[in-house]
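# Close look at the chain arrangement
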Amino acid sequence: MKLTGLAHGLASLAMVAATQCVAAAAATSVNVPAATTKPANAVAAPGDFVGFGFEMAFLNDYANDFSVNLMNAVGSRVSLPLTVRLGGTSNDLLTYDASQTAVKVCVSGDCPIGSAASYILGPSFFDGFDIFTNFSFSVQAPLSPTLNISNAVNYVRLCLDHVPTDRLTAIAIGNEPDLYAGQFKVTYNVSDYVAGVTTMRSSLTEELGLTGQIFELMDIAYLADSTNTAKITIQNAFNLGVNAPRTATAAAVHWYQVWDKITTLDDMQAYLMNHSATVGNFSAGSPQDIAYLAANYPKVKYVFSETGTGLVSPLQIQGSLGAALFYADFQLYAMTQGAKRVDGTMRPAANHSLWVPDASAAPANPGPQVRAPFYTLPFVADFIGQTPGNVIEVALNSDVLTAYASYSPSTGLLSKVALINLQAWAEGVSTGARGSVTFSVPAPSAATVSATVRRLTAAAGCQALGYDYAGPAQNITWAGEQWSYAIDNGKGHMVAGVSATETVAVVNGAVQVTVLDSEAVIVSF
Ligand SMILES: *[C@@H]1O[C@H](CO)[C@@H](O)[C@H](O)[C@H]1NC(C)=O
Ligand SMILES: *[C@@H]1O[C@H](CO)[C@@H](O)[C@H](O)[C@H]1NC(C)=O
Ligand SMILES: *[C@@H]1O[C@H](CO)[C@@H](O)[C@H](O)[C@H]1NC(C)=O
Ligand SMILES: *[C@@H]1O[C@H](CO)[C@@H](O)[C@H](O)[C@H]1NC(C)=O
Ligand SMILES: *[C@@H]1O[C@H](CO)[C@@H](O)[C@H](O)[C@H]1NC(C)=O
Ligand SMILES: *[C@@H]1O[C@H](CO)[C@@H](O)[C@H](O)[C@H]1NC(C)=O
Ligand SMILES: *[C@@H]1O[C@H](CO)[C@@H](O)[C@H](O)[C@H]1NC(C)=O
């Protein structure tokens, strides 16, 4: 399996190499103008910001020790239990058959490994929850233009039999209603959505005896402005009373950075490893909706409940270190803008997956394997840490260089700085030598004598696919640690036996930290 993947990967790299030439970074020295004490507009980092996401139909593929080991490696870095969002397109199309012995049967659509398919679940499906005792769940009541209330109530009831109340993050109602008109070939606007949610929520609340703020609303596919009042957007739906009983805990949106198929390193730089592109995408709706909720529904969290790099690009784009660097930049940016959680979404067949739990989608997408985007999660979790700080972006005004600062909640002093160098460099593809940027980061106080530096890195650069898929030449590590199915079932190990933590001295009130092109670091004071 690994050899097939490796041969495929190398063939694609060779093909890309013939046509690509990416310029080296121009700037080699950059000042990071971080305040040394907490700025008033820094936001509290949520301890449970890092989330996981499984497409509903594949819960049982993920229910193994390999997945739990990887998830514990992230969860043990922070203080709050992390959420798994179980949902997606397949969740709106499911039905339940109490007499079925199979976990699930795929009956129509994108069978057997797709998300746009109808699955009939049997009772054993729900055993899939039981291994994830360290994690909370957000489950989804199926919604569609035609409501099947008994089916939805029955499904959620069976989920709650396996997810205790103290581990229930939310009950979402429906998935991507902004796509229903096309998906179900009906007319469907925000009024239809609000009516559907209202009916579904009443039945769920009554039949399951639900109390408190428990519902997750929207789960829209696209960010959009709300000037067309018929559109299914957060503001239009909330203005029409979708949260009239004020029982929502979250308003959720989805995010796929690159919808189109891209294959070249130049495109990867332009559309994926590009902070300005991410900020441009974000500005299509997020700041407006975050401000709207804060002003009108302050208890409703803005979350990215389904996210990925894209859906139709090869692993060199979606399953590589570059994807992980994009994902780290996206998550930290979203956190500093007021988003409360980002769920890292997966499906065994999807190239954007953080890991592939089994061989169910082989040979097209072999597994079990850890994939590069997984590394974003321990990186972001370590930036948050056991005692979450207050975080803010430090503007560097660059497409490819970003910095995020975190301030100690007790002293208010600068405690960590994440530096991400998104300049794309890939071994065997880029023509020039790998460049680097030296960042000058201010020390928080005159008493600070040194800082530690940990790196998210790969010698092969931004198209490194990690050990499981591509072997030792494409290793990826975070602070010297590697995660692999083949080596230790996802438990994680230090490649050189010890954590790779460098110490740098403060000189003239600052530390100088060199970050390679296609690399990220966390500087800790
Ligand atoms: C839950 O997490 C703790 C702390 O990371 C770990 O020690 C424990 O083994 C985990 N339990 C399970 C069932 O994974
Ligand atoms: C509703 O779902 C049940 C299964 O839970 C199914 O048997 C029934 O046919 C569905 N009803 C409609 C109208 O689709
Ligand atoms: C949604 O469409 C219906 C007609 O199908 C219309 O009556 C209603 O006004 C529309 N809602 C909005 C908010 O435009
Ligand atoms: C981001 O912008 C690009 C280019 O305009 C677009 O193709 C992509 O779909 C956008 N992604 C998101 C999440 O809005
Ligand atoms: C990054 O994206 C912005 C906005 O789409 C674009 O103007 C810029 O050229 C891109 N930068 C790179 C390095 O491709
Ligand atoms: C997933 O990645 C593989 C390997 O790079 C590629 O052959 C395949 O086309 C990709 N799948 C999709 C749906 O883009
Ligand atoms: C890559 O990872 C493998 C597995 O942990 C290890 O044996 C090998 O030494 C690593 N290679 C390098 C260059 O670190």
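Cut-offs applied
- Residues numbered from 1 in each chain as written.
- Chains lettered and ligands numbered in written order.
- Predicted model: local features only at pLDDT ≥ 70, side-chain atom pairs only at ≥ 80, totals over all residues.
- Heavy atoms only, no water.
- Helix = DSSP H or I, 4+ residues; strand = E, 2+ residues; numbered from the N terminus.
- Buried < 20%, exposed > 50% of the residue type's maximum accessible area, 1.4 Å probe, protein only.
- Contact = heavy atoms within 4.5 Å.
- Areas by Shrake-Rupley, 256 points an atom, 1.4 Å probe, with all protein chains shown as cover.
- Near = heavy atom within 4 Å.
- Polar contact = N/O pair within 3.5 Å; in protein donor to acceptor, adjacent residues only side chain to side chain.
- Nonpolar A, V, L, I, M, F, W, Y, C, P; charged D, E, K, R; others polar.
- Axes fitted to C-alpha atoms, helices over the stretch in contact; angles between N-to-C directions.
- Parallel < 35°, antiparallel > 145°, perpendicular 65-115°, else oblique.
- Left-handed = near helix turned anticlockwise from the far one by under 90°.
- Core = buried A, V, L, I, M, F, W, Y, C linked by side-chain atoms within 4.5 Å.
- Domains from an automatic or database assignment.

The protein carries the name Beta-glucuronidase C-terminal domain-containing protein in an unreviewed UniProt entry, which gives Sporothrix curviconia as its organism.

## Some words on the overall build of the protein
Regarding its fold elements, the protein presents 16 helices and 26 strands. Principal axes of the C-alpha set define a box for the protein whose edges measure 65 × 55 × 40 Å. The buried share among the 525 residues of the protein stands at 60%. Here the contacts in the protein between residues at least 6 apart in sequence split such that 76% fall between residues at least 24 apart. Summing over all exposed atoms, the protein offers an accessible surface of approximately 18600 Å²; the carbon and sulfur share of this is 55%.

## Details of the site of ligand 3
Near ligand 3 the following residues occur: Asn189, Val190, Ser191, Thr229 and Ala230. Interatomic distance of 2.3 Å between a side-chain N/O atom of Asn189 and an oxygen atom of ligand 3. The separation between a nitrogen atom of ligand 3 and a polar side-chain atom of Ser191 is 2.7 Å. Considered on its own, ligand 3 offers 370 Å² of accessible surface; in the complex 41% of this is hidden by protein. In terms of residue class, the shell around ligand 3 is made up of two nonpolar, three polar and no charged.

## Thoughts on the packing of helix H5 (residues 149-162) against helix H7 (residues 190-208)
What describes two packed helices is the angle between their axes and the distance between those same axes. Contact pair H5 / H7: the axes reach a minimum separation of 10 Å and the direction vectors enclose 50°. Accordingly, the angle class assigned to the pair H5 and H7 is oblique. Here the hand of the crossing between H5 and H7 comes out right-handed. Residue-level contacts link Ile149, Ala152, Val153, Val156, Arg157 and Leu160 of H5 to Thr199, Met200, Ser203, Leu204, Glu207 and Leu208 of H7. Of the residues belonging to the contact of H5 with H7, the class tally is eight nonpolar, two polar and two charged.

## Concerning the nonpolar core
Counting 156 residues, the largest nonpolar core has Tyr193, Leu204, Phe238, Trp355 and Leu419 as its most contacted members. Here this core takes 11 residues from helix H13 (residues 321-336), the largest share from any one element. A domain split of this core shows at least three residues from each of domain 1 (8-18 + 25-391) and domain 2 (392-524). Residue contacts for Leu419: discarding those within four places in its chain leaves Val32, Thr402, Ala403, Phe439, Val441, Val513, Val515, Glu519, Ala520, Val521 and Val523.

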